[in-house]
Amino acid sequence: MTAPLIVAVDDDPALLAAVDRELRTRYTPDYRVRTLGSTAEATRTLEELARTGEEVALVLAAEQLDGAPGADFLGEVARWFPQAQRALLIAWAGVGVPEVGDALFEAIARGRIDHYVIRPAPPPDEQFHQALSSFLLAWAETRRRAPHTIEVVGETWSGRAYRLREVLGRCAMPHRFCLADSDEGRAILAGTGPRRFPLLVMPNGAVMEDPTDTDIARSAGRELDPSGERFDLVIVGCGPAGLSAGVYGASEGLRTVVIDSGSIGGQATSSSSIRNYLGFPRGVTGAELARRAHQQAWVFGARFAFMQQVTHLAREDGEIVVDLHTGGVVRARAVVLATGASYRRLGIEPLEALNGAGVFYGAASSEAPLVAGEEVFVVGGANSAGQAAIHLAGHAKRVTLVVRAATLEAGMSHYLVHQIEATPNIEVRTSTEVVDGGGDGWLDHLVLRHREDGALETVGAYALFLMIGAQPHTAWLPPTFQRDASGFVLTGAELDAAAIASLGRAPLPLETSVPGVLAAGDVRSGSVKRVASAVGEGSVAIQFVHRLFADERRGLRPTGLPSPRAGVP
Ligand SMILES: Cc1cc2nc3c(=O)[nH]c(=O)nc-3n(C[C@H](O)[C@H](O)[C@H](O)COP(=O)(O)OP(=O)(O)OC[C@H]3O[C@@H](n4cnc5c(N)ncnc54)[C@H](O)[C@@H]3O)c2cc1C
């Protein structure tokens with residue numbers, strides 16, 4: 001296999017030579033390097049590379065190229081290499097200049113570039129290479145070539161193989177799926193002999209035949225059974241809020257365990273690029289953010305229990321009893337509830353039956369390579385639907401965004417609306433809803449209804465991505481937890497008079513109606529539903545845990561509302 005290419009384009013020979021030197025000294029032989037001195041030469045070269053089926057991982061271009069913005073050229077690159085990362089080279093002196101920032105924002109919003117990088121300083125410039133490595137990693141992830149990728153080999157796209165990919169996705173474990181009778185599948189199977197499908201080939205070469213979810217978590221060192229143990233702090237949910245609570249709890253000396261029915265990252269793992277999270281000016285994938293946070297909490301001493309669903313929480317004898325679906329019980333002095341939310345179901349039977357077989361709930365980033373060259377529909381009018389449409393447009397022939405509201409602006413950030421309008425293969429259908437659909441083993445059509453005149457239309461569809469609002473993961477909580485009409489957990493001043501009276505003091509801002517249990521992130525009524533706010537609440541919750549423990553030390557023990565579990569044998 002020939003090495004993929006890194007291409008750099010600059011009409012200033014001295015600056016191009018500096019970039020050329022940096023690229024060649026660091027990236028060959030894993031990548032081939034081509035540096036080109038004009039837009040015309042670069043256009044010819046990239047056209048030829050696309051024609052001959054070469055792989056281009058990264059294209060860098062000067063801010064100005066032959067008198068035009070380099071971003072215009074990079075925008076064109078997507079026509080030939082939709083998955084190549086595209087970055088502008090900007091001068092060090094340009095950082096902080098408002099006009100440069102505005103141009104970068106506009107170029108990113110319009111999808112012309114993915115990133116920017118400051119031109120290399122005299123070697124060694126590790127900052128330059130750190131940025132380039134992250135661009136190359138992002139490209140490798142779109143090609144399912146991230147380091148330590150798990151190979152999933154199945155006989156069909158759907159069924160158990162789909163479920164395994166879902167579990168791996170929820171574990172933020174990079175994986176790649178191929179059919180057993182494809183060239184890739186045959187090559188993998190040649191080394192494993194006859195096996196039962198679906199098959200997982202782990203990065204260390206171990207082969208697992210149709211493993212259980214727990215087998216998968218255990219194989220990557222990601223499962224701990226905490227039953228029978230006592231912790232200072234149990235965190236339920238390992239999304240951004242739970243991870244943040246884990247980092248702060250463990251780093252501040254609390255004996256902490258984070259329990260999740262899946263694995264790390266929560267909803268954030270389905271986000272292909274989080275651009276608004278502090279400290280990541282070029283964006284970060286939800287999975288990468290989760291991996292980093294998990295390692296951070298782990299090194300601080302937090303323990304993690306994955307594939308373990310919490311089924312009940314109650315206050316008993318001055319501590320909180322946490323029941324697991326395994327029948328195990330964990331005890332804690334305090335609990336942070338960070339179970340988040342997930343997308344609402346469409347509720348159309350023929351489409352529910354095709355879940356995983358062309359119909360996907362919120363899995364746009366992991367399924368995107370499946371839809372190359374196909375007709376794809378995304379349903380939803382909020383930012384997550386907009387992001388999914390943009391991401392899928394990099395792979396699909398056309399993406400139709402189906403929105404019930406009369407305008408996109410009604411539910412989506414301005415910058416995303418802007419980016420969608422500028423993406424030629426995204427079509428937006430407002431005042432429209434999906435009312436039916438079907439397919440024989442895989443989705444092949446949808447029925448759309450125009451909400452104003454009721455007109456029905458049947459359209460061919462290869463995949464449907466549903467992003468239609470969040471439902472909190474709270475159905476399992478006992479009635480002692482006060483919730484709003486949609487099921488989100490009430491905290492602090494939102495609690496009713498009875499709950500506040502039972503505390504015998506003013507509730508802490510993130511405290512639920514069960515004393516000693518705090519709620520953080522999307523699960524909380526009134527929360528902002530963003531990664532940053534979930535992370536913020538997770539960290540703040542730990543301050544309140546310390547306050548609860550201080551009260552305990554002073555002998556102020558809350559009693560709480562009566563537990564319906566009391567008296568249950
Ligand atoms: C596609 C997509 C794109 C997004 N893009 C952005 C973006 O660009 N910027 C941004 O700021 N936000 C974005 N968001 C929103 C952001 O991901 C969420 O606000 C954030 O993940 C909320 O974090 P959380 O920890 O509160 O909950 P979640 O991320 O929902 O995590 C909750 C965790 O709790 C676990 N859990 C639930 N019930 C139980 C139980 N009973 N027992 C054990 N574990 C349980 C779940 O398995 C899950 O891992 C996006 C969301 C999606 C879906």
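This text follows the structure it describes.
Residues numbered from 1 in each chain as written. Predicted model: local features only at pLDDT ≥ 70, side-chain atom pairs only at ≥ 80, totals over all residues. Heavy atoms only, no water.

A short note on the packing of aromatic side chains
Link 1 in the chain: For the structure on display, the rule yields six aromatic pairs.
Link 2 in the chain: On the basis of an interplanar angle of 55° and a centroid distance of 5.8 Å, the ring pair of Tyr162 and Phe360 is categorised as tilted. Of the two residues, Tyr162 sits in helix H6 (residues 160–170) while Phe360 sits in strand S19 (residues 359–361), which places them 198 residues apart along the sequence.
Link 3 in the chain: Taken together, a centroid distance of 6.1 Å and an interplanar angle of 25° make the contact between Tyr277 and Phe280 stacked. Each of the two residues, Tyr277 as well as Phe280, counts as buried.
Link 4 in the chain: Among the aromatic residues, those joined into a ring-pair cluster are Tyr162, Phe360, Trp442, Tyr462 and Phe465.
Link 5 in the chain: Seen from the ring of Phe177, Arg165 lies directly overhead, with NZ or CZ sitting 4.6 Å from the centre.
Link 6 in the chain: Just above the ring of Phe549 sits the side chain of Arg333; from NZ or CZ to the centre is 3.7 Å. (Phe/Tyr/Trp six-rings, centres within 6.5 Å; stacked < 30°, edge-to-face > 60°. Helix = DSSP H or I, 4+ residues; strand = E, 2+ residues; numbered from the N terminus. Buried < 20%, exposed > 50% of the residue type's maximum accessible area, 1.4 Å probe, protein only. Lys NZ or Arg CZ within 6 Å of the ring centre and 35° of its normal.)

Some details on the site of the ligand
Link 1 in the chain: Neighbouring the ligand are 37 residues, the closest being Ala241, Asp260, Gln267, Asp522 and Val531.
Link 2 in the chain: Ser261 places a polar main-chain atom, nitrogen or oxygen, 3.0 Å from a nitrogen atom of the ligand.
Link 3 in the chain: Val310 has a polar backbone atom sitting 3.0 Å from a nitrogen atom of the ligand.
Link 4 in the chain: Bound to the protein, the ligand loses 94% of the 1,000 Å² it would expose on its own. (Near = heavy atom within 4 Å. Polar contact = N/O pair within 3.5 Å; in protein donor to acceptor, adjacent residues only side chain to side chain. Areas by Shrake-Rupley, 256 points an atom, 1.4 Å probe, with all protein chains shown as cover.)

Describing the sheet that holds strand S1 (residues 5–9)
Paired through backbone hydrogen bonds, the strands of a sheet run either parallel or antiparallel to each other.
Link 1 in the chain: Overall, parallel pairing links the five strands, which are arranged S2-S1-S3-S6-S7 in an open sheet. Across the chains shown, the open sheet's two edge strands, defined by having one partner strand only, are strand S2 (32–36) and strand S7 (115–118). Taken pair by pair, the neighbouring strands of this sheet meet at an average axis angle of 20°, ignoring direction. (Pairing = 2+ DSSP bridges. Axes fitted to C-alpha atoms, helices over the stretch in contact; angles between N-to-C directions.)

A closer look at the pairing of strand S26 (residues 463–466)
Link 1 in the chain: Judged by which residues are buried, S26 turns out to be covered on both faces: Ala463 and Phe465 on one side and Leu464 and Leu466 on the other are all buried.
Link 2 in the chain: Pairing of S19 with S26 involves three bridges; the strand directions are parallel. Note that in S26 the partner of Phe360 across the bridge is Phe465.
Link 3 in the chain: With four bridges connecting them, strand S20 (residues 375–379) and S26 associate as parallel partners. If you follow Phe377 over to S26, its bridge partner there is Leu464.

Geometric descriptors of this kind do not, in isolation, establish any biological role.
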